Structures are given as C-alpha cells and as structure tokens.
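One-letter residues, chain by chain:
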Amino acid sequence: MQRHTRPVKIGDVPVGNGAPVSVQSMARAAADDVEGNLAEIAAAARAGCRVMRLAVPSREAAKYFGRVAARSPLPLVADTHFDWRTTLAAIAEGAAKVRINPGNMSPDGLARVVDAAGARGIPIRIGGNSGSILHNRRGGENDAPPDIARVMAEEALLWARRMDEMGFRDTVLSVKSHDAAATVRANRIIAGQSDYPLHLGVTAAGGKESSLYKSCAAIGGLLLDGIGDTIRFSFTGDMPGEVEAGLSLLRSLGLLRDGVEIISCPACGRCRVDLPSLAAEVGRSLAHIRAPLRVAVMGCEVNGPGEAKAADLGIASAGGTLYLFIGGEVIEKLPPEQALPRLVKEAEALAIATS
Ligand code: SF4
C-alpha cells in the first residue's frame, strides 16, 4: 500500500495522497536555448513524461525559462541554487514548482522564496544530494566518513520542518545518492518520520546500463514498500530513454497499466514451438493496443495453462498444439499457423470491449 503523504500539485499533475506515481525528467539543453529546451520537453512528453525540470542557473536564465514555460506542454520545475533572487525570478516566470537546496540559501532568502511559492500556490522540492553533503562536510581528514543516508534524511527533514513552521505545507523532499543502498535508506528514514511526498531517484548513476540497474533496485525497492510519489531515472545521455525506463518500472510493479503486458516463459526443452519468435511477434502485433491487457504466451503444459488462465487472454503450447485461453477458459485448440492472427483478433476485440 502506498504510504500516506500530503497532496501537492505540480501544474495539473497531482503528487502524493495516493495519486498515481508520476515520471519526471530533466532537460539537457543550455538554459538560454529556448527552442532546444522545447524540443526536449516535446520528446519527453511523447515518451510519457508528466513533469519536466530545467536548470535555472541565474536571474538572466529565468527570462529564458519564462519563454519556455509559456509554450511548454508539461509543467516545469525550476532547478535553482545559491541565489534566492533567481528562485523568485523563476517563480515569477511561471515555474510550476521550484527545486532548491535551502542549505545553500540565506535564511532571509529562503523566507522570501517560501512566501513567493505560497502566494503562487506552487510546491517547493527540497533536494539533498550526497554530492552536496560531502562537499559541505566539515571535519578533519581523520574523522570517520559521515553516514550519508542519515545526514541526507535529517538535513531534508530539518529544512522541511522549518518550512512547516513558516506555514508552508506544499513541500516535496528528495534525497538522492549515487549509492542505491544509501538512497533507499535515506528515503526510508524520511518515510518513517513524516508525511512529506517523496521524489525518488538515484543521482550521478552513470550511463543507461549502470543507472538502469541502480535505479530499478533503489526506486523499485522503495515503491514496493509503498514509498515514493514521483520518480526520475537519471541517465548520462539518453533523456527520452530515462522516461521510458521509469514508465517500464512502474508497469513492471503494476503501478501503471497502459497497453499490452506480455507474460511469456523463457522456454526450455519441453517447449515444442518456437516460443521466442512467437512471443516477439505477439508483442509487435499488439503494440498498437493502449487498453491494459495481460497476454500470456507460454511454452508447455507445466506452467502454461496456469499463466494463460491468469491473463486476460493467451496461448499455451502443449505437445506442439496451441490452446487459446480467454478470461481463464480454453476457447480453442489451434494449429501453430493460426495462433497469431487469432490471438491478435481476440485481443483487439477485448481491447475495444474494455475501453
Ligand atoms: Fe519450460 Fe514449460 Fe516453463 Fe516454458 S512453461 S519454461 S516450456 S517448463
């Protein structure tokens, strides 16, 4: 069960309080490249992204941010650091949320940012990354290394509670590390002590392959515990790819059902049909269906009938013959050459009936 958290809204995207877990991403284009940022936002939106973040490194950059925000199909988060005036400028230019690290802002500046966000009704994300914690670390060379997970969590909670005391409620927290285990632990500490919505991610996680494993382990593990309200996969490079990976994770956890999910076995010596080719062909042939359907393609009578029955429809092989299942019932015995067209026809009919 999803952890109970405060509801906030990023533009038209609800976050927390049981809202669907949303996928976010961040543009790579330079802050003054309006068309480049809009092209990335469009690509992210096509991939299924709900919220986009842009770096706003200066007050000058906030003007470009405003031009992008005015034409963006997605709500935009302004990522600002150090200078509270830049954060105020981004809010005035249409940020749907701001991401700050209060530790690098003056107390007076933070109070002004909180006032401005409150007046506009937009959330503030307090983002603490292990990199900035290590950078700001005080202490001697011989001191034991800090417990990064605990320090990240405690620091984020400290600032969030200060913002509560200022009367600001729309706070989202994120605590990210390049270390998947530290990321999990920090988020668990916060989840155990508060109801702030959490934005999950593993930061500085490397290229696609490295980040994919770390992010699935950390974000997936937390989501399975009911922790996490919005997520971002960070890949060095491939931006639409990180959105697709986030959505795939949500689908694999059953937190998103949109389109066909193929349940296919790996095949083994019992299988008497070319199952890998058949499963791939089924996936390609049903890719156009957006209704949430679970389709089984199974290789033999050991696990095939059970999986096929649990799916919305499916085919299971037994001794080289294929059986068509719909809604848990065997409908027909089919010769292999008829299995694919028949399955596609039945899936399309079911998709229309359920949409
Ligand atoms: Fe092998 Fe049958 Fe299991 Fe597929 S379902 S992996 S063919 S035992």
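By nearness alone, every residue bordering the ligand is listed as C265, A267, C268, R270, C271, M298, G299, C300, V302 and N303. Class assignment of the residues belonging to the shell around the ligand gives a composition of 7 nonpolar, 2 polar and 1 charged.

Quick look at the environment of L250 now. Inspection of the secondary structure puts L250 in helix α9 (residues 239–252). Through-space distance from the C-alpha of L250 to that of Y213 is 15 Å; in sequence the pair is 37 residues apart. Residues contacting L250, with those up to four places away along its chain left out, are V21, V23, L223, I231, L255 and L256.

According to the stated counting rule, one finds 22 salt bridges in the structure shown. Between E261 and R294 there is a salt bridge, and its shortest N-O distance comes to 3.0 Å. Remark: R294 occurs in strand β12 (residues 293–298) and E261 occurs in strand β11 (residues 260–264); sequence separation between them is 33 residues. For E261, a relative accessible area of 30% corresponds to the partly exposed category. Classification of R294 by relative accessible area gives partly exposed; the value is 29%. Here E346 ties to R342 by a salt bridge, and the two come within 3.0 Å at their closest N and O atoms. In this pair, E346 and R342 are both assigned in helix α12 (residues 336–354), 4 residues apart and thus about one turn of the helix distant. It is possible to trace a salt-bridge network through shared partners that takes in R6, D164 and D195.

Parameters and conventions
All residue numbers here refer to positions counted from 1 along the written sequence of the relevant chain. With the structure being a predicted model, the display of local features is reserved for residues of pLDDT at least 70 and the display and counting of side-chain atom pairs for 80 or more, all residues being used for whole-chain, interface and lining totals. Excluding hydrogens and water, the side-chain values take into account all heavy atoms of the structure. Whether a residue is near a molecule or strand depends on its heavy atoms: if one lies within 4 Å, it is near. Nonpolar residues are Ala, Val, Leu, Ile, Met, Phe, Trp, Tyr, Cys and Pro. Charged residues are Asp, Glu, Lys and Arg, and all others, Gly as well, are polar. By the criteria applied, helices consist of DSSP H or I runs no shorter than four residues and strands consist of E runs no shorter than two, each listed in order from the N terminus. Residues count as neighbours in contact if any of their non-hydrogen atoms are within 4.5 Å of one another. Criterion for a salt bridge: a side-chain nitrogen of Lys or Arg within 4 Å of a carboxyl oxygen of Asp or Glu. Only protein chains enter the accessibility calculation, which uses a 1.4 Å probe; a residue whose area is less than 20% of its type maximum is buried, one above 50% is exposed, and one in between is partly exposed.

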